[in-house]
Amino acid sequence: MHSTPQPLTSGPVAIGLHGGCGVMAEHEMSAAQWQEAREHLRLALVAGWNVLQQQGSALDAVQAAVLGMEDSVYFNAGYGAALNADGKHELDAAIMDGATLAAGAVCGAAHIRNPILAARHLLDAGEAVLMTAAGADAYAQTHGLDCVANSYFTTAQRVEALQAMREHQRAGTFKAARESEKHGTVGAVALDSSGHLAAATSTGGYTNKPVGRVGDSPLIGAGTYACDGVCAVSGTGQGEYFIRHVFAHDIATRISLGGLGLEQASGHLIMGEFREQGVGAGAITLDARGNVSAPYNTLGMFRAWVSVDGHAVVASHDQEFVVALT
């Protein structure tokens, strides 16, 4: 556990988010579709930024940003989530407060329209950190969260991806599959005016995953982590490797104990061991001064951020677009 310094009283604010490193080649969508996807990302960024501008908490900001991406067809979380081997959706999400290390998470949920809201409810309740499958669905329903039929999450793109991954499985060519066929995740990190950090992550997992499989996203310290005075992290990629390396906490440790800067700590595994092993990975990270780092080793990664000077950027591949926050 990392020490938590006294918060600032009226400091800078910043936010960063990712829409997953499972991004397809640019020629696989029309220019209009890419523009719309980036617009959905911008709107999620604005939702989180507006919370911070109104002196809201980092927790509320990351929740607002992830909520927007869960409702977008372009991201593998909530509506449009990946399908498992049985052609069903099992959804995971987590949120963490850097000020207190409080956290909430759900995994294997089948009916929670916005899993990040169930995770936040758990964090606020302060009892269980992680609830699973039918228990998570029942918890959400009991507490008045919107629950839907599992088919609500299904889109034509995810059905096509499942068919493609089944073909790869039969042919033994999983590693040759495109990142967009495999996986995707959404996440957000924020620094509020009181100096508090927060992180949130939501995902449908990877396409054609075994029924009951849980990845890194809802596991605190693996795919999601925040600690005041250190950093906030949300990861995306092949979750099994993130779990084995306790990925998000590893970044925090490299900063707090190893003395590394945010960019070096964030890229250590992604651009090093993971890339060397062919493990597709990315992350959005934010330190206590509001510096943002968004490393990825895949073809692209949906990402966006607003730095402490109000400079806003949205990107999917190499080109970054400066955007408005209105």
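Bear in mind that the values here come from a model prediction, so they are computed numbers and not experimental data.

Student: Can you lay out the UniProt feature "active site" (unreviewed entry) in the protein for me, pointing to particular residues and giving the numbers?
Tutor: This chain's UniProt record puts "active site" (unreviewed entry) on Thr185. Looking at the element boundaries, Thr185 is found in the loop between helix H6 (179-182) and strand E5 (186-191). What makes Thr185 buried here is its relative accessible area of 4%. With sequence-adjacent residues up to four places away left out, Thr185 is seen in contact with His18, Gly19, Gly20, Asn76, Thr201, Ser202, Thr203, Ser217, Gly235, Thr236 and Gly237.

Student: So what about the pattern of salt bridges? Which residues, and what values?
Tutor: Oppositely charged side chains can form a pair if their charged atoms are brought close together. For the structure on display, the rule yields eight salt bridges. The partner of Asp124 in a salt bridge is Arg120, and the shortest N-O contact between them spans 3.2 Å. With a gap of four residues between them, Asp124 and Arg120 both fall in helix H3 (residues 115-125), about one helical turn apart. On the accessibility criterion, Arg120 (13% relative accessible area) is buried. Arg254 is the salt-bridge partner of Asp250, the closest N and O atoms lying 2.7 Å from each other.

Student: Which residues make up helix H9 (residues 262-276), and what values go with them?
Tutor: Taking 1.5 Å of rise per residue, 15 residues should cover 21 Å, and H9 covers 21 Å from first to last C-alpha, within 8% of that figure. The largest bend in H9 amounts to roughly 40° and is located at His268. Within H9, the full set of buried residues consists of Leu262, Ala265, Ser266, Gly267, Leu269, Ile270, Gly272 and Phe274. At its buried positions, H9 is contacted by strand E8 (231-237), helix H7 (239-244), helix H8 (247-256), strand E9 (281-287) and strand E10 (292-293). Trailing H9 by a residue or two, Gly278 shows a phi angle of about 75°, which is positive.

Student: If you had to explain the nonpolar core to someone new, which residues and values would you point to?
Tutor: Ile15, Leu17, Leu41, Leu45 and Ile95 are the most contacted members of the largest nonpolar core, which has 50 residues in total. Here the element with the most residues in this core is helix H1 (residues 31-53); it accounts for nine residues. The residues contacting Leu45, other than those within four sequence positions of it, are Ile15, Leu17, Ala304, Trp305, Val306, Ala312, Val313, Val314 and Leu325. In this structure, Leu191, Cys227, Phe242 and Val313 belong to the second largest nonpolar core, which totals 36 residues.

Student: Describe in detail unusual backbone geometry, supporting the description with residues and values.
Tutor: The general pattern is negative phi for most residues beyond glycine and trans for most peptide bonds. At Leu101, a position not held by glycine, the phi torsion is positive, near 65°. Among the structural elements, Leu101 can be located in the loop between strand E2 (91-97) and strand E3 (103-109). Unusually for a residue other than glycine, Ala133 sits at a positive phi of about 45°. Considering the arrangement of structural elements, one finds Ala133 in helix H4 (residues 133-142).

Student: Quick rundown of the sheet that holds E8? Include the residues and the values.
Tutor: Within the open sheet, the four strands sit side by side as E7-E8-E9-E10. Their pairing is antiparallel. In the strand order of this sheet, the two ends are held by strand E7 (224-227) and E10, each with one partner. Two elements, E9 and E10, share two bridges in a ladder whose sense is antiparallel. Residue Thr285 lies in a different strand from E10, and its bridge partner there is Ser293. Across the face of the sheet, H8 comes into contact with E7, E8 and E9 while running at roughly 140° to E8.

Student: Summarise the side chain of Asp228; cite the residues concerned and give the values.
Tutor: Following the sequence through the fold, Asp228 ends up in the loop between E7 and E8. Nearest to the buried, unbridged Asp228 among oppositely charged side chains is Arg120, at 13 Å. At a separation of 2.8 Å, a polar atom in the side chain of Asp228 contacts the main-chain amide nitrogen of Leu197.

Student: Provide a residue-level description of the pairing of strand E11 (residues 302-306), including the pertinent values.
Tutor: Burial analysis of E11 places five of its five residues in the buried class, the great majority of the element. The side-chain alternation of E11 yields two buried faces, one formed by Phe302, Ala304 and Val306 and the other by Arg303 and Trp305. One ladder, built from five bridges, connects strand E1 (residues 14-20) with E11; its direction is antiparallel. Across the sheet, residue His18 finds its bridge partner in E11, namely Arg303. Of the pairings in the sheet, the one linking E11 to strand E12 (residues 312-315) comprises four bridges and is antiparallel in character. Its bridge partner lying in E12, Val306 is registered against Ala312. Hairpin connection from E11 to E12: five residues lie between these consecutive antiparallel strands, with Gly310 at a positive phi of about 85°.

Student: Report on the packing of helix H2 (residues 58-70) against H3, specifying residues and quantitative values.
Tutor: Viewed as axis vectors pointing N to C, H2 and H3 meet at an angle of 155°, and their least axial separation amounts to 9 Å. When the axis of H2 is compared with that of H3, the two are roughly antiparallel. For the pair H2 and H3, the contacting residues are Leu59, Asp60, Gln63, Val66, Leu67 and Glu70 in the first and Pro115, Ile116, Leu117, Arg120 and Leu123 in the second. Residue classes in the contact of H2 with H3 are distributed as seven nonpolar, one polar and three charged.

Calculation notes
Residues numbered from 1 in each chain as written. Predicted model: local features only at pLDDT ≥ 70, side-chain atom pairs only at ≥ 80, totals over all residues. Heavy atoms only, no water. UniProt positions renumbered as here; feature names shortened; annotations may be inferred. Helix = DSSP H or I, 4+ residues; strand = E, 2+ residues; numbered from the N terminus. Buried < 20%, exposed > 50% of the residue type's maximum accessible area, 1.4 Å probe, protein only. Contact = heavy atoms within 4.5 Å. Salt bridge = Lys/Arg side-chain N within 4 Å of Asp/Glu carboxyl O. Expected span 1.5 Å × (residues − 1). Bend = angle between axes of the 7 residues up to and from the residue. Core = buried A, V, L, I, M, F, W, Y, C linked by side-chain atoms within 4.5 Å. Pairing = 2+ DSSP bridges. Axes fitted to C-alpha atoms, helices over the stretch in contact; angles between N-to-C directions. Lys, Arg positive; Asp, Glu negative; His and termini not counted. Polar contact = N/O pair within 3.5 Å; in protein donor to acceptor, adjacent residues only side chain to side chain. Parallel < 35°, antiparallel > 145°, perpendicular 65-115°, else oblique. Nonpolar A, V, L, I, M, F, W, Y, C, P; charged D, E, K, R; others polar.

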